[in-house]
Amino acid sequence: MRKVVIYTQESCGPCTAEKLWLKDNGIEFEEKNIRENPKYLDEIVELGASATPATVVEDENGTEVVFGFNQEKLAEILGI
């Protein structure tokens, strides 16, 4: 079972673009807005991110983190 979590914030163009891209490709995801919940900001900092979006993909092979909207890397990880 694959789980995709994207850390976002308002007024983040790449966040909006990535969410649309994921939806267009039929990928379900959980959005964590770092401005709505301080806990999410702590989580993204722990991942080593300094900006949004940061995407965490967990599956049977492990966990991968993608910083920024790196469409090529996400496509590779998600098998698109």
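Residues numbered from 1 in each chain as written. Predicted model: local features only at pLDDT ≥ 70, side-chain atom pairs only at ≥ 80, totals over all residues. Heavy atoms only, no water.

Looking up the protein chain in an unreviewed UniProt entry gives the name Glutaredoxin family protein, with the organism given as Neobacillus driksii.

Let's shift gears to the state of the cysteines. Scanning the entire structure with this criterion turns up one disulfide. Here Cys-12 pairs with Cys-15 through a disulfide, and the sulfurs are 2.2 Å apart. Looking along the S-S bond of the Cys-12-Cys-15 disulfide, the torsion reads about 75 degrees, which is the right-handed sense. Residue classification places Cys-12 among the buried positions, given a relative accessible area of 9%. (Disulfide = S-S within 2.5 Å. Buried < 20%, exposed > 50% of the residue type's maximum accessible area, 1.4 Å probe, protein only.)

This part is about the environment of Trp-21. The topology assignment puts Trp-21 in helix H1 (residues 13-24). For the pair Trp-21 and Phe-69, spaced 48 residues apart in sequence, the C-alpha separation works out to 9.7 Å. Leaving out residues up to four positions away in the same chain, Trp-21 has contacts with Phe-69, Gln-71, Leu-74, Ala-75, Leu-78 and Ile-80. (Helix = DSSP H or I, 4+ residues; strand = E, 2+ residues; numbered from the N terminus. Contact = heavy atoms within 4.5 Å.)

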